[in-house]
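As a plain string of letters, each chain reads:
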Amino acid sequence: MSRNPIKPKERVKIPRQKMPEQDPAERAHNFQEVNLGLPESLAHTEAMRCLECKKPVCAHGCPVGVKVREFVDLVLSQDYKAAAAKMREDNVLPAITGRVCPQEDQCEGTCVLGKKFEPLAIGYLERFIADWEAESGELGLPPRAPATGKKVACVGSGPAALTAAGDLVQKGHDVTVFEALHEIGGVLVYGIPEFRLPKAIVRRDVDNMRKMGVKFETDVVVGQTVTIDELMDDEGFDAVFVATGAGLPRFLGVPGENLNGVYSANEFLSRVNLMKAYRFPEYDQPIYDCKGRTVAVVGGGNTALDAIRTALRLGATKTFMIYRRSEKEMPGRAEEIHHARDEGVEIQTLTHPVEFLGNDKGWLTGARCIRMELGEPDDSGRRRPVPIEGSDFHIPLDVVIIAVGTGPNPLVQSTTPDLATNKWGYIEADPKTLRTSKHGVFAGGDIVTGAATVILAMGAGRTAAASIHEYLTTGVWELPEPEAPSEDAAAGA
Amino acid sequence: MFSLLEARFIAPDVKLFRIQAPRVARKRKAGQFVILRVHETGERIPITIADSDAERGDITIVVQGIGKTTKLLNSLEAGDSILDVVGPLGKPSEVEDFGTAVVIGGGVGAAIAYPTAVALKKAGNRVVSILGGRTRDLVILEDEIRAASDVVHVTTDDGSYGEKGLVTDALQKMIDAGEKIDYVLAIGPIPMMRAVAETTRPHGIKTVVSLNSIMIDGTGMCGGCRVSIDGKSQFACVDGPEFDAHRVDFDVLRNRNAMYREAETQALNRFLADPESELARVPGHRCRLEDAEVEG
Ligand SMILES: Cc1cc2nc3c(=O)[nH]c(=O)nc-3n(C[C@H](O)[C@H](O)[C@H](O)COP(=O)(O)OP(=O)(O)OC[C@H]3O[C@@H](n4cnc5c(N)ncnc54)[C@H](O)[C@@H]3O)c2cc1C
Ligand SMILES: Cc1cc2nc3c(=O)[nH]c(=O)nc-3n(C[C@H](O)[C@H](O)[C@H](O)COP(=O)(O)OP(=O)(O)OC[C@H]3O[C@@H](n4cnc5c(N)ncnc54)[C@H](O)[C@@H]3O)c2cc1C
Ligand code: SF4
Ligand code: SF4
Ligand code: FES
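The shown structure was predicted, so the numbers you read here are calculated from the model rather than taken from an experiment.

Before going further, it helps to examine the pattern of salt bridges. Residue and element names in this part refer to chain A. By the definition in use, this model includes 62 salt bridges over all chains. Ionic pairing is found between Arg325 and Asp378, a salt bridge with its closest N-O pair at 3.3 Å. Here Arg325 is found in the loop between β8 (318–322) and α17 (334–343), whereas its partner Asp378 is found in the loop between β11 (364–377) and β12 (383–387), with 53 residues between them in sequence. For the pair Arg325 and Asp378, a shared accessibility class is recorded, and that class is buried.

Right, let's get into helix α8 (residues 250–257) of chain B. Among the eight residues of α8(B), six are classified as buried, and the element is accordingly described as predominantly covered. Residues of α8(B) that are buried: B:Phe250, B:Val252, B:Leu253, B:Asn255, B:Arg256 and B:Asn257. Its buried side turned inward, α8(B) meets β6 (262–264) and α15 (265–274) of chain A together with α6 (190–200), β14 (207–210), β15 (226–229) and α9 (261–273) of chain B. N-cap assignment for α8(B): the residue whose side-chain oxygen lies 3.1 Å from the backbone N of B:Asp251 is B:Asp249.

Take the site of ligand 3 next. By nearness alone, every residue bordering ligand 3 is listed as A:Cys62, A:Pro63, A:Val66, A:Asn91, A:Thr97, A:Cys101, A:Gln103, A:Gln106, A:Cys107, A:Ile122, A:Glu126 and A:Ile455. For the shell around ligand 3, the residue count by class is seven nonpolar, four polar and one charged.

Across a sheet, paired strands are connected by hydrogen bonds in the backbone, their directions being either parallel or antiparallel. Residue and element names in this part refer to chain B. If you trace the five strands from one edge of the open sheet to the other, you get β5-β6-β2-β1-β7, paired in antiparallel fashion. A strand with exactly one partner marks an edge of an open sheet, and here the two such strands are β5 (51–53) and β7 (81–82). Of the pairings in the sheet, the one linking strand β1 (residues 2–11) to strand β2 (residues 14–20) comprises six bridges and is antiparallel in character. Looking at the pairing, Arg8 lines up with Leu16 of β2.

Turning to the interface of chain A and chain B, a few remarks are in order. Interfaces are often sized by the amount of accessible area the parts lose when they come together. Opposite the 47 residues of chain A that make contact, chain B presents 47 residues. Taken together, both faces of the contact between chain A and chain B bury some 3,800 Å²; the carbon and sulfur share is 52%. When the buried area of chain A at its contact with chain B is split by residue, A:Gln224, A:Asn258 and A:Asp284 rank highest and sum to 19% of it. As a salt-bridge pair, B:Lys27 and A:Glu230 come within 3.0 Å of each other at their nearest N and O atoms. Our count for the contact surface shared by chain A and chain B stands at 20 residue pairs in polar contact (both at pLDDT 80 or more). At the level of elements, β5 (248–249), β6 and α15 of chain A are the ones that each hand at least two residues to the side of chain A that touches chain B. For the side of chain A that touches chain B, the leading source of residues is α15(A), giving four residues. Class assignment for the residues of the side of chain A that touches chain B results in 22 nonpolar, 14 polar and eleven charged.

Now for the sheet that holds strand β13 (residues 183–187) of chain B. All names here are of chain B. Taken in spatial order, the seven strands line up as β12-β11-β10-β9-β13-β14-β17 in an open sheet, and their pairing is mixed. Each edge of the sheet is formed by a strand with only one pairing partner; in this case those strands are β12 (163–164) and β17 (242–244). As judged from the five bridges shared by strand β9 (residues 100–106) and β13, these two strands associate in the parallel manner. Among the inter-strand pairings, Ala101 is bridged to a residue of β13, identified as Tyr183. Packing of helix α3 (residues 109–122) onto the sheet brings it into contact with β9, β10 (126–133), β13, β14 and β17, and relative to β9 it is tilted by some 165°.

Residues and elements named next belong to chain A. Tracing the backbone shows Gln17 in the loop between α1 (8–11) and α2 (24–27). Here Pro15 takes part through its backbone oxygen, which lies 2.9 Å from a polar atom of the side chain of Gln17. With residues near it in sequence (within four places) discarded, Gln17 still touches Leu42, Thr45, Glu46 and Tyr124.

Summarising the element assignment, B:Pro22 is placed in helix α1 (residues 22–27). For the pair formed by B:Pro22 and B:Asp53, sequence separation is 31 residues and the distance between their alpha carbons is 8.6 Å.

Residues and elements named next belong to chain B. Put simply, helix α5 (residues 167–176) and α6 touch, their axes get as near as 10 Å, and they point 15° apart. In terms of orientation, α5 lies roughly parallel with respect to α6. Between α5 and α6 the crossing geometry is right-handed. Contacts between α5 and α6 pair Val167, Thr168, Leu171, Gln172 and Ile175 from the former with Met192, Ala195, Val196, Thr199 and Thr200 from the latter. Partitioned by chemical class, the residues of the contact of α5 with α6 number six nonpolar, four polar and no charged.

Quick look at the domain arrangement of chain B now. Residue and element names in this part refer to chain B. Taken as a whole, chain B is organised into domain 1 (2–90 + 261–278) and domain 2 (100–210). Here domain 1 and domain 2 have C-alpha centroids that lie 25 Å from each other. On the side of domain 2, eleven residues touch domain 1, which itself brings 13 residues to the contact. Counting each side, the surface lost to burial between domain 1 and domain 2 is near 920 Å², with a carbon and sulfur contribution of 73%. Applying the counting criterion to the domain 1 and domain 2 interface returns zero salt bridges. Counting the contacts that link domain 1 with domain 2 gives zero residue pairs in polar contact (both at pLDDT 80 or more). Elements with a minimum of two residues in the side of domain 1 that touches domain 2: β1 and β6 (58–64). Of the residues contributing to the side of domain 1 that touches domain 2, the split by class is eight nonpolar, three polar and two charged.

With that settled, the discussion passes to the site of ligand 4. Contacts to ligand 4 come from A:Cys50, A:Leu51, A:Cys53, A:Val57, A:Cys58, A:Arg69, A:Cys111, A:Val112 and A:Leu120. Of the residues belonging to the shell around ligand 4, the class tally is eight nonpolar, no polar and one charged.

For the rest of this paragraph, the subject is the nonpolar core. The biggest cluster of nonpolar side chains holds 96 residues, and the ones touching the most others in it are A:Phe71, A:Ile96, A:Leu120, A:Val222, A:Ile228, A:Phe241 and A:Ile468. Sorting elements by how many residues they give to this core places helix α20 (residues 454–474) of chain A first, with ten residues. Listed in part, the 38 residues of the second largest apolar core include B:Met192, B:Ala197, B:Ala236 and B:Leu253.

Our focus in this paragraph is the pairing of β12(A). Two faces make up the sheet, and in a regular strand the side chains alternate between them. All names here are of chain A. Note: β11 against β12, four bridges, orientation antiparallel. Counterpart to Pro377 in the pairing with β12 is Arg383. Where β11 folds back on β12, the antiparallel hairpin that results is connected by five residues, among which Gly381 adopts a positive phi of roughly 85°.

How each quantity is defined
Residues numbered from 1 in each chain as written. Chains lettered and ligands numbered in written order. Predicted model: local features only at pLDDT ≥ 70, side-chain atom pairs only at ≥ 80, totals over all residues. Heavy atoms only, no water. Salt bridge = Lys/Arg side-chain N within 4 Å of Asp/Glu carboxyl O. Helix = DSSP H or I, 4+ residues; strand = E, 2+ residues; numbered from the N terminus. Buried < 20%, exposed > 50% of the residue type's maximum accessible area, 1.4 Å probe, protein only. Contact = heavy atoms within 4.5 Å. Polar contact = N/O pair within 3.5 Å; in protein donor to acceptor, adjacent residues only side chain to side chain. Near = heavy atom within 4 Å. Nonpolar A, V, L, I, M, F, W, Y, C, P; charged D, E, K, R; others polar. Pairing = 2+ DSSP bridges. Buried area = accessible area lost by both parts, 1.4 Å probe. Axes fitted to C-alpha atoms, helices over the stretch in contact; angles between N-to-C directions. Parallel < 35°, antiparallel > 145°, perpendicular 65-115°, else oblique. Left-handed = near helix turned anticlockwise from the far one by under 90°. Domains from an automatic or database assignment. Core = buried A, V, L, I, M, F, W, Y, C linked by side-chain atoms within 4.5 Å.

Next comes the structure, spelled out in structure tokens:
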């Protein structure tokens with residue numbers, strides 16, 4: 001019943017279609033999206049490459065199990081609306097995931113084509129369908145179940161909370177999202193830049209959710225403006241989903257970190273994305289004038305890549321990344337590392353700053369760095385970087401952006417004493433049901449796992465919604481049966 | 001949207017506002033602040049909650065117009081609305097019965113210190129307030145602070161009102177006179193807070209200052225507000241804004257606060273050149289010039 005007229009032997013001969021993109025020299029100076037999207041003809045050709053495997057392992061690579069083979073089939077029959085519907089069964093934010101998922105580690109990483117040839121461009125196709133749907137205006141909002149009379153609060157408005165809110169409102173619950181900032185979207189609006197994820201896309205999805213009946217309250221810092229207990233006891237919420245992300249910036253703890261010109265990636269990106277400093281003076285928020293300057297970012301993940309490519313777009317003439325391991329270990333999306341290089345970002349691997357230097361007015365002038373070599377693998381399985389004695393050297397710098405990871409924001413936990421956390425301050429939640437130690441409270445996304453990915457946060461939102469729905473309809477609050485005790489545990493007891 | 005219930009100047013360039021913000025009014029404690037944003041293209045700025053009424057659901061703030069956003073704010077009237085008010089943010093002031101508490105407010109710092117003075121008084125302290133200003137007009141909230149204090153000293157740089165001199169002169173006099181001082185809270189310009197810290201340091205008097213670092217989110221997310229306390233970074237928005245004055249690195253604060261001077265001047269000049277186009281962006285702002293035309 002395949003709609004693909006070509007035999008599998010022929011399909012593998014079709015090369016993976018290339019994503020049209022803005023010319024690197026040009027895009028390095030604007031904030032418009034880098035990737036332009038596949039035109040219909042290329043999407044079609046790409047879809048032809050799928051082998052339509054009996055056991056589509058691609059879906060196993062996807063954290064929410066998107067039915068790739070089935071939506072590809074619908075692309076081949078040009079029924080894009082049905083393709084979108086198929087996708088929405090598992091993934092309510094396809095325009096976003098198609099753009100930002102680390103596909104090479106997920107769906108595309110497991111696609112069988114990738115063993116001998118290049119994997120199917122699943123992310124590109126996902127984006128194609130989502131954008132087609134948006135352009136056609138043919139979005140069918142899913143029907144809403146009759147009102148249940150139950151109230152649910154989602155704390156935070158990142159992908160985890162949005163996904164949960166969307167699912168819960170469809171099931172007939174009365175859902176309110178509480179967000180600390182003035183914009184809805186979490187990292188999608190304050191972190192990931194316009195040139196990678198246009199904010200209009202996030203807004204579109206949020207508007208759709210509003211139409212579905214989700215209520216949004218911005219400017220509410222849960223823990224400060226209102227506590228979880230007050231939400232449940234005074235405001236009548238029957239369940240709460242905490243999805244506050246891992247937004248607390250980490251610094252290096254080296255001398256000179258408070259010099260002017262030293263930013264956390266969160267500050268740099270919030271100024272530019274949330275507050276639109278790249279449009280100063282039309283917008284009031286200023287940002288360091290990077291024109292003609294040398295800017296470095298410390299780190300090798302998506303945040304570091306986003307920050308340095310932002311600096312480039314603000315006019316920096318020399319930009320580089322300082323990363324303490326080798327390029328192989330860089331956690332950023334492969335496509336973005338490639339894009340950054342094309343745009344002129346230099347990557348200094350096996351290097352780490354040990355001190356920032358400044359002038360007498362307190363402005364950054366440079367960094368003293370040290371070279372590293374790779375030693376034994378550490379807990380994460382990556383080889384541990386070890387400093388090389390006496391390898392210090394100096395780099396002159398105007399701005400440095402620290403992007404070495406984030407931690408959990410404690411405002412909810414510190415005001416909710418009966419909410420158990422682990423030793424790093426992340427909320428403890430049962431992996432299957434996302435129930436926390438507190439009756440009626442669930443948690444998911446980065447606040448449980450530590451900084452992860454958009455699609456994992458969405459997966460958590462889904463799980464939470466199902467679990468909350470079950471709790472609200474059965475009224476039963478109990479954690480699942482403990483597994484049969486292991487011998488160690490029995491011996492310890 | 002948050003509507004302005006009352007708006008009146010209490011000194012040149014210093015305006016008091018009452019804002020409808022029931023959630024904030026219900027929760028706030030002395031020493032906490034809000035972050036507000038006037039309109040869509042505006043900045044987020046922190047302003048201390050000077051007072052609140054949980055029943056009515058409103059908060060009071062006192063704003064000194066020094067740059068683009070505060071001057072824009074100060075040109076708004078009762079009936080206008082602003083886009084965002086979030087809070088209460090920061091840790092409440094540490095309030096207990098210390099004995100004799102000296103509360104020092106320099107300029108608009110008086111508005112920031114006022115709620116804590118009230119709380120200190122309530123907690124049983126003998127409250128001595130020192131209000132300072134460059135000149136008579138800039139001494140604000142005197143009546144309110146008198147009501148919350150056992151003794152009030154006023155100093156002006158030019159001697160136009162109260163004692164001629166600085167707030168630290170009044171403080172030094174108390175120390176020299178052998179008055180027992182158990183606690184000092186000093187809020188005002190950085191040089192003033194630094195001077196107070198140096199005045200009390202040799203005497204080992206517990207001294208607290210409220211740091212006005214540049215903020216964005218106010219929730220610990222950006223790290224832009226970091227200050228150096230005993231050589232370690234802390235975030236003023238969540239770890240403060242009050243800190244032990246003897247441990248603060250005021251140089252770091254001064255430098256960091258000057259980081260955007262150029263852009264700030266540019267923004268202010270743009271605003272002053274054409275305030276109407278900015279006011280037109282304020283949600284629900286009614287241009288009074290238009291009213292005048294219609295009526296006239
Ligand atoms: C710069 C950057 C680039 C990234 N790039 C990618 C990428 O390309 N691909 C990818 O898959 N992932 C990427 N990630 C990671 C991904 O964005 C996160 O894993 C994901 O957003 C986590 O979702 P979340 O819903 O758990 O929380 P978040 O998106 O962090 O949202 C949490 C929200 O909660 C709010 N909040 C916090 N505390 C409170 C409170 N007390 N009260 C009310 N609200 C509160 C916050 O303001 C925030 O809006 C990137 C992250 C960053 C920072
Ligand atoms: C916790 C706290 C409480 C405060 N309470 C009050 C108050 O009750 N009344 C009052 O009048 N002022 C208060 N301030 C100061 C007030 O926030 C600044 O005056 C205001 O942000 C200046 O903005 P502007 O656009 O008018 O001026 P600008 O020209 O932009 O800035 C003038 C100076 O204000 C500081 N500043 C600029 N932007 C910010 C920002 N986003 N956050 C903090 N400081 C900034 C800088 O030092 C700058 O040099 C408080 C500050 C803090 C941190
Ligand atoms: S959601 Fe992400 S991982 Fe899943 S199929 Fe789509 S792009 Fe791949
Ligand atoms: S594994 Fe690859 S080739 Fe097979 S169905 Fe999935 S996308 Fe198609
Ligand atoms: S204002 Fe962002 S961390 Fe304090």
